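# An overview of the molecular structure
Each chain is listed here by its residues.
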Amino acid sequence: MPLSTLPKSAALSKFSTDYKKKTRSSGLPCIAQSVVNLASQGQLSQAVSSLELLSRKGIVLPTRILAFLVKQCATIRSLKLGKWLHLHLKIIGRIRRPNTSLANSLIHMYFQCNDYRSAWKVFDELRVRNLYTWNYMLSGYAKLGMIKPARRLFDKMPERDVVSWNTMIIAYAQNGGCGQSLKIYRELRRSGIGYNAYSFAGLLTVCVNLKGLVLSRQAHGQVLVAGFLSNLVISSSLVDAYSKCWEMDGARRLFNEMNVKDVLTWTTMVSGYVQSGNIEAASEIFDLMPEKNPVSWTALISGYVRHGLAHKALDLFTKMMTFRIPPDQFTFSSCLCACATISSLRHGKQLHGYLLRMNFRPNTIVVSSLIDMYSKCGCLNVGRLVFDRTGNKLDLILWNTIISALAQHGHGKEAIQMFDDMLRSDLKPDKTTLVVILNACSHSGLVQEGLSLFKTMTQKNGLIPNQEHYACLIDLLSRAGCSEELMNQLEKMPCEPHDGIGYALIGVSRFHGNIELGGKTAEHLIQTEPRCSGPSNVYASLGKWELVEKVRHLKNERQALSWIEIDKKIHVFTVPDLLDPMKEPLYTLLKFLASHMDEVSSPKAEF
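Predicted model, so just to flag it, every value in this text is computed and none were measured. (Residues numbered from 1 in each chain as written. Predicted model: local features only at pLDDT ≥ 70, side-chain atom pairs only at ≥ 80, totals over all residues. Heavy atoms only, no water.)

### Some thoughts on the overall build of the protein chain
Definition in use: By the criteria applied, helices consist of DSSP H or I runs no shorter than four residues and strands consist of E runs no shorter than two, each listed in order from the N terminus. Burial classes: relative accessible area under 20% of the type maximum marks a residue as buried, over 50% as exposed, and values in between as partly exposed (1.4 Å probe, protein chains only). Pairs of residues are marked as contacts when any of their non-hydrogen atoms sit within 4.5 Å. Computed by Shrake-Rupley with a 1.4 Å probe, the accessible areas treat only the displayed protein chains as cover when residues are assessed.
Along its length, the protein chain carries 34 helices and 2 strands. A total of 607 residues make up the protein chain; the buried ones form 45% of that total. Contacts in the protein chain between residues at least 24 apart in sequence constitute 57% of all its contacts with a sequence separation of at least 6. A total of about 32900 Å² of accessible surface is found on the protein chain, and carbon and sulfur atoms cover 54% of it.

Take a look at the structure:
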């Protein structure tokens, strides 16, 4: 059995035993065995240091032992020891000879230590290369995400095996090149070289990334024909692919057919049901799990939070603590989000206290969730304290969160000051930053400041505003009654406003009695959504009945519908519809309501 298939401790033991047999038969000095023992016992630094003493005594270890030491440097990712060992090999003259085994070990070691330049230097200086040499280089580039040099090397390879092809298929799939991954997979199938489970692993990674249901079904068929459906990794990947496509019926059928399921497969099903919105099925699968890990607990907790079941999420977290399951970063961020949703300061403080007691090092997401929780529970000062005491403030998410918290509490000027501090920290604002700072200005009535920031971030910082940004800008200007500036900004929009902006403008028009703005918005809404009642409501609220009639004619031309509920039954009809059996009673009722409204709105004579 090759050493690569054994566990680390077993491989070391086997190597040590084999070496003892060879040293006895070949008469090598016993001190060489001491080097092997040192490396086997985790004292690699002493083993490498002893090589210099051995060379002074004229003792040179066999190539097999030297290659083993290089691989140990790769295992613990010790670039310092690896380079020292490489230098020793040069001194004793082993590298000058065409020894591909040592060179391959050195290439692997350098890539494991993220030193691809030294790996390339070894490869470039090697006079004799075998297929393993090329594959070591290819695999090293792929693991570091260096797709372009990997592809250049792949194209230059004098020969390729299935490992070479699989390496490129998986490398492209994991680094966003799904199209190229599929292309290479098809070339592999046509090449006649053959394929194995790793070939399908790369293909299924593409299916998961693209969320393509048709492609996933085709991959399922190929896996079935090839006979790899019994492979746990492949079948679990297929379940994941179906789940990502929200095809939970297909995922459940495949899941039920699996004879062996690991915790990852169960967790995939829980996450799939959560993503598809079926929280009851997710809970059912979770309860049936024979073994649960922190990921599975967190998947259901986050699902409860996402579907507005914050209390259930916190109850499940309590149960998780009862079973002594260690929570991770995602668990804490989800639970803090649950506390923020229901404004449960008590639970939020308990979570914060747990983080402190366990000396847990929260990441930026958890810290941001803490700030957001305290803010939404009315304790902005505590949230601000959490932000101030955070050591590493080089993450934009953290700044966006504290600016948003200040905005929610109406501290617009402090939010702008915080924004300036962020810029002084050499952080570049993103689209979320623009949203939160505009909201801060809007809630505090800082119109000119908001306009100035909008112009600065879009013109100087190169941000391209989207519909959400313009909706914030409309809210800012409408609160201050700046109708003229509002119209100017709308004309500058690079795209047509969506219905959300249109309805926001309708509300502004009604509030400020702006007929011009309401009219333009009404015309746009009628063109895009003729069934909406917003335009006629604007004119009606302003007493412009002739314009109400005009809108109704336009709606009639576009087959717009009106509806009314009588005795729990919905009656739908077009404006001039003469066929509805309830037409006469409806119009009689409408006339009565209109006359009653006139009486109420007409001024009464004073005596």
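Additional details are given in the paragraphs that follow.
### Observations regarding the packing of helix H16 (residues 263-276) against helix H17 (residues 279-288)
Counted only if it meets this: All axes are obtained by fitting lines to C-alpha atoms, using only the stretch in contact for helices, and the reported angles, taken between N-to-C directions, cover 0 to 180 degrees. Angular relationships are summarised with four words: roughly parallel below 35 degrees, roughly antiparallel beyond 145, roughly perpendicular across 65 to 115, and oblique for the angles in between. Note on convention: the crossing is left-handed when the near helix lies turned anticlockwise from the far helix by less than a right angle, right-handed when the turn is clockwise.
At a closest axis distance of 7 Å, the pairing of H16 and H17 adopts a crossing angle of 165°. Relative to H17, the element H16 lies roughly antiparallel. The way H16 lies across H17 gives a crossing that is left-handed. Counted together, Trp-266, Met-269, Val-270, Tyr-273 and Val-274 of H16 and Ile-279, Ala-281, Ala-282, Ile-285, Phe-286 and Leu-288 of H17 form the full contact between these two elements.

### Considering unusual backbone geometry
In the Ramachandran plot, Asn-114 falls in the positive-phi region, its phi being about 65° despite a non-glycine side chain. Note that Asn-114 resides in the loop between helix H6 (100-112) and helix H7 (116-125). Within the chain, Lys-211 stands out as a residue other than glycine whose phi angle is a positive 55°. Looking at the secondary structure, you find Lys-211 in the loop between helix H12 (197-210) and helix H13 (213-226).

### Thoughts on H17
In an α-helix, one turn spans 3.6 residues; hence positions three or four apart end up facing the same way. Along H17, the residues classified as buried are Ile-279, Ala-281, Ala-282, Ser-283, Ile-285 and Phe-286. Elements in contact with the buried residues of H17: helix H15 (248-257), H16, helix H18 (294-306) and helix H19 (310-322).

### Re the nonpolar core
Generally speaking, a soluble globular protein has its nonpolar side chains buried in company with each other. Which entries qualify depends on this criterion: By nonpolar core is meant a set of buried Ala, Val, Leu, Ile, Met, Phe, Trp, Tyr and Cys residues that side-chain atoms within 4.5 Å join together.
In this structure, Leu-69 and Ile-437 are the most contacted members of the largest nonpolar core, which totals 153 residues. Residue contacts for Leu-69: discarding those within four places in its chain leaves Val-35, Ala-39, Leu-44, Ala-47, Leu-51 and Leu-85.

### Details of the packing of H12 against helix H14 (residues 232-244)
For the pair H12 and H14, the least separation of the axes is 9 Å and the interaxial angle reads 15°. With respect to H14, the axis of H12 lies roughly parallel. Regarding H12 and H14, the two cross each other, and that crossing is left-handed. Across the interface between the two elements, Ala-197, Phe-200, Ala-201, Leu-204, Cys-207 and Val-208 of H12 pack against Ile-234, Ser-237, Leu-238, Asp-240, Ala-241 and Lys-244 of H14.

### Let's talk about the UniProt feature "repeat: PPR" (unreviewed entry) in the protein chain
How we decide: UniProt positions are given in the numbering used here, feature names are shortened, and annotations may be inferred rather than shown by experiment.
The sites that UniProt annotates as "repeat: PPR" (unreviewed entry) are residues 130-164, 262-292, 293-327 and 395-429. Span residues 293-327 is 74% helix and 0% strand, its end C-alpha atoms 9 Å apart.

### Remarks on empty space enclosed by the protein
Applicable threshold: Definitions used for this entry: grid spacing 1 Å over protein atoms alone; cavity, a set of points where a 1.4 Å probe fits but cannot get out; pocket, an open set with protein on both sides within 12 Å along at least 5 of 7 lines; lining residue, one with an atom within 4 Å of a point. Grid points are joined across faces, edges and corners, and a volume is the space filled by probe spheres set on the points. The classification used treats Ala, Val, Leu, Ile, Met, Phe, Trp, Tyr, Cys and Pro as nonpolar, Asp, Glu, Lys and Arg as charged, and all other residues, Gly among them, as polar.
Using the criterion set out here, one finds 1 cavity of 30 Å³ or more in the structure. One number sums up the size of the largest cavity: a volume of about 30 Å³. Contributing to the lining of the largest cavity are Leu-51, Leu-54, Ile-59, Val-60, Leu-61, Leu-66, His-88 and Ile-92. Taken together, the residues of the lining of the largest cavity break down into 7 nonpolar, 1 polar and no charged.

### With respect to the pattern of salt bridges
Note the cut-off: Salt bridges are defined as contacts in which a side-chain nitrogen from Lys or Arg sits within 4 Å of a carboxyl oxygen from Asp or Glu.
Scanning all chains against the criterion turns up 9 salt bridges. A salt bridge links Lys-376 to Asp-372; the shortest N-O distance between them is 3.4 Å. Pair noted here: Lys-376 and Asp-372 are both in helix H22 (residues 364-376), with a separation of 4 residues, about one helical turn. Of the charged contacts in the structure, one is a salt bridge between Asp-388 and Arg-384, with a shortest N-O distance of 3.6 Å. Residue Asp-388 and its partner Arg-384 are both found in helix H23 (residues 380-388); the two are separated by 4 residues, about one turn of the helix. Residue Asp-388 is classed as partly exposed on the basis of its relative accessible area of 43%. A relative accessible area of 28% means that Arg-384 is categorised as partly exposed.

### Quick look at the packing of aromatic side chains
The geometry of two aromatic rings is summed up by the distance between their centres and the angle between their planes. Here is the rule: For Phe, Tyr and Trp, where Trp contributes only its six-membered ring, two rings pair if their centres lie within 6.5 Å, and the inter-plane angle classes them as stacked under 30 degrees, edge-to-face over 60, or tilted in between. Our definition puts a charge over a ring when NZ of Lys or CZ of Arg is within 6 Å of the ring centre and also within 35 degrees of the ring normal.
A complete count under the given rule lists 14 aromatic pairs for this structure. Centroid distance Phe-154 to Trp-165: 5.3 Å. Interplanar angle 85°. Geometry classified as edge-to-face. Taken as a pair, Phe-154 in helix H9 (residues 147-156) and Trp-165 in helix H10 (residues 162-174) lie far apart in primary sequence, 11 residues in all. Of the aromatic side chains, those joined through ring pairs into one cluster are Tyr-185, Tyr-195, Phe-200 and Phe-228. Of note, Arg-160 hangs over the ring of Trp-165, and the distance from its end group to the ring centre comes to 5.4 Å. When the ring centre of Tyr-195 is taken as reference, the NZ or CZ atom of Arg-189 above it lies at 4.3 Å.

### Observations regarding the environment of Leu-188
Along the chain, Leu-188 falls in helix H11 (residues 178-191). Excluding its chain neighbours within four sequence positions, the residues that come into contact with Leu-188 are Trp-165, Asn-166, Ile-169, Ile-193, Gly-194 and Ser-199.

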